[in-house]
Amino acid sequence: MVPDQTEDIDALRARVRAFLESAPKPSGLRNYGPTPTATDVNPGRQWHRYLADHGYTCLHWPREFGGADATVAFQAVFAEECARAGVPRQLGITGADLVGPVLIKFGTDEQKMRFLKPIRVGDEIWCQLFSEPGAGSDLAAVRTRAERTANGWRIDGQKVWSSAAASADYGLLLARTGPDKHRGLSMFVVPMDTPGVSVRPLVQMDSESKFNEVFFDGAELADDALIGEVGQGWTIALVTLGRERLTLGSQAVSMFRLRERMLAAARDHDLLDPVLARAMTKLWARMWLLRFTWQRAIESGDLTSPEFSVLKLMTSETDRDLGDLATEALGTDACTDPADNELVHQMLVGRAQTILGGTSEIQRNILGERVLGLPKEPR
């Protein structure tokens, strides 16, 4: 069972570490990050189910829905120890971290009963169907349409950068139901095997295919696919994005382990000169600042707060810089296959962090306009 959250933090860490060290690891399990590839799904699902059986999934959910009402400290310790053990902390980010809280807050009793337990135990994978060509960071500009029919809704349009869509059972869809930019958006549950829904995986530069294009060609959804009210999609999306940026901020706890491996690689290659050592030290300090920013943000409870733009911006740029330093720590080994070297993989994917989940440029605009009161960027 989940350890007592009132106990000393060192005792809590020892309990979690002992649990993870003794836990049986499915064949093929690796720390694949927030999104599993197709080959990660089976071992990831087995691992998630084992964690769920012992009370270690959906820690932030309320107890009435199978969660643990976990403190920030508890969540941080668990994430840190998973990174240390080289295992994912859950099957995927979307179901547990994004969809679950949305359904708990906005879903009907029937939706909660149908979807929350399969998410918690890892039986069903979810994807997020938000970004589109021409509507990535400006999410309110989505053009995928949901039109009323006699029995529900008809969906037409395209999504892109949809993580895990090729493996997903369900998708969380933001679609346009009216002309108003913000009040004309609604949120839906999409079974990914619905006729008219097709998925095309995108091959990344690290040779993985975690992102996908998703096409909707007259896909028919039942009336109960709607989450919340018609026109409430933007409000729900803001909660989802807040949770996403909060979760991205928690990545700081795994960066420490990656930095340790980078230091070891630099020593092995005899490249740890004073310049690189200074850069590593500055990065270490930024990672601690990021962790404390994450703790403050999650304790505030306001997922629409600009604090999350600070968190997202800090996380993305720290992750990018960590990847850039990998080239200096590896020397010529930076040219090896990313499948064989975690640091090469980090070097390749680190730059993407400043784009996914909202670009760094957009986060700076939000902070400039909403926090500092600067004039809006000319449109």
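Every chain begins its residue count from 1, and numbering advances along the sequence as written. Local features are withheld for residues below a pLDDT of 70 in this predicted model, meaning they are given only at 70 or higher, and side-chain atom pairs are given and counted only at 80 or more; totals for whole chains, interfaces and linings count all residues. Heavy atoms throughout the structure, all of them, feed into the side-chain values; hydrogens and water do not.

Some words on the nonpolar core
Ranked by internal contacts, the top residues of the largest apolar core, which has 29 residues, are Trp126, Phe130, Leu139, Leu174, Met187 and Ile227. Helical segments are the DSSP runs of H or I of at least four residues, strand segments are the runs of E of at least two, and each set is numbered from the N terminus. For this core, the leading source of residues is helix H4 (residues 93-106), giving 6 residues. A contact between two residues is defined here by any heavy atoms of the two lying within 4.5 Å. Excluding its chain neighbours within four sequence positions, the residues that come into contact with Ile227 are Val102, Leu103, Phe106, Gly107, Gln111, Leu172, Met187, Phe188, Val189 and Ile236. In this text, buried Ala, Val, Leu, Ile, Met, Phe, Trp, Tyr and Cys residues form a nonpolar core when linked through side-chain atoms within 4.5 Å. Summary of the burial criterion: residues with accessible area below 20% of their type's maximum are buried, those above 50% are exposed, and those between are partly exposed, where the area comes from a 1.4 Å probe applied to protein chains only. Core analysis: the next-biggest nonpolar cluster, separate from the first, contains 27 residues, Met262, Leu322, Leu330 and Leu343 among them.

Describing unusual backbone geometry
Not every positive phi belongs to a glycine, and Asp69 is a case in point at roughly 50 degrees. By secondary structure assignment, the location of Asp69 is in the loop between helix H2 (41-53) and helix H3 (72-85). The exposure class of Asp69 is partly exposed, given its relative accessible area of 45%. Phi is positive for Asp270, which is not a glycine, with a value near 55 degrees. Residue placement: Asp270 occurs in the loop between helix H7 (252-268) and helix H8 (274-300). Classification of Asp270 as exposed rests on a relative accessible area of 71%.

Side note on the side chain of Lys312
Mapped onto the elements, Lys312 comes out in helix H9 (residues 307-330). Residue class for Lys312 comes out buried when judged on its relative accessible area of 1%. A distance of 2.7 Å separates polar atoms of two side chains, one belonging to Lys312 and the other to Ser316. Polar contacts, as used here, are pairs of N or O atoms within 3.5 Å; protein pairs need one atom able to donate a hydrogen and one able to accept it. Residues neighboring in sequence count only if both atoms are side-chain atoms.

Looking at the pattern of salt bridges
Any Lys or Arg side-chain nitrogen found within 4 Å of a carboxyl oxygen on Asp or Glu counts as a salt bridge. Taken as a whole, this structure holds 23 salt bridges when the rule is applied. Arg45 is paired through a salt bridge with Asp169; the nearest N and O atoms lie 3.9 Å apart. With Arg45 in helix H2 and Asp169 in the loop between strand E3 (152-159) and strand E4 (170-176), this pair connects stretches of sequence that are 124 residues apart. Given a relative accessible area of 24%, Arg45 falls into the partly exposed group. Measuring nitrogen to oxygen at the nearest pair gives 3.0 Å for the salt bridge that ties Arg320 to Asp321.

Thoughts on the environment of Ala168
Take Ala168: it is sitting in the loop between E3 and E4. Ala168 sits 25 residues away from Asp193 along the chain, and the two C-alpha atoms are 9.1 Å apart.

Topic: empty space enclosed by the protein
Using a 1 Å grid laid over the protein atoms alone, points where a 1.4 Å probe fits but cannot get out form a cavity; open sets with protein on both sides within 12 Å along at least 5 of 7 lines form a pocket; any residue with an atom within 4 Å of a point counts as lining. Grid points are joined across faces, edges and corners, and a volume is the space filled by probe spheres set on the points. By the definition in use, this model includes 2 cavities of 30 Å³ or more. Counted as a void, the second largest cavity has a volume near 140 Å³. Along the wall of the second largest cavity there are 17 residues; nearest its centre are Leu91, Gly92, Gly95, Ile125 and Trp126. Considering every element that reaches the lining of the second largest cavity, the biggest residue donor is H4, with 4 residues. Residue classes follow a fixed rule: Ala, Val, Leu, Ile, Met, Phe, Trp, Tyr, Cys and Pro count as nonpolar, while Asp, Glu, Lys and Arg count as charged, and any other residue, Gly among them, counts as polar. Broken down by class, the residue content of the lining of the second largest cavity amounts to 9 nonpolar, 7 polar and 1 charged. Residue ranges for the domains trace back to a domain assignment, done automatically or taken from a database. Two domains each provide a minimum of three residues to the lining of the second largest cavity, namely domain 1 (9-91) and domain 2 (126-232).

Description of the domain arrangement of the protein
The domain boundaries assigned to the protein delineate domain 1 (9-91), domain 2 (126-232) and domain 3 (247-372). With centres defined by C-alpha atoms, the gap from domain 2 to domain 3 works out at 30 Å. The interface is formed by 5 residues belonging to domain 2 together with 8 residues belonging to domain 3. Taken over both partners, the interface formed by domain 2 and domain 3 buries close to 520 Å², and the fraction arising from carbon and sulfur atoms is 65%. Note: buried area is the sum, over both parts, of the accessible area (probe 1.4 Å) each one loses when the two are combined. Of all residues in domain 2, the largest losses of buried area upon contact with domain 3 belong to Ser137, Met205 and Asp206, amounting jointly to 77% of the total for that side. Between domain 2 and domain 3 we count 0 salt bridges in total.

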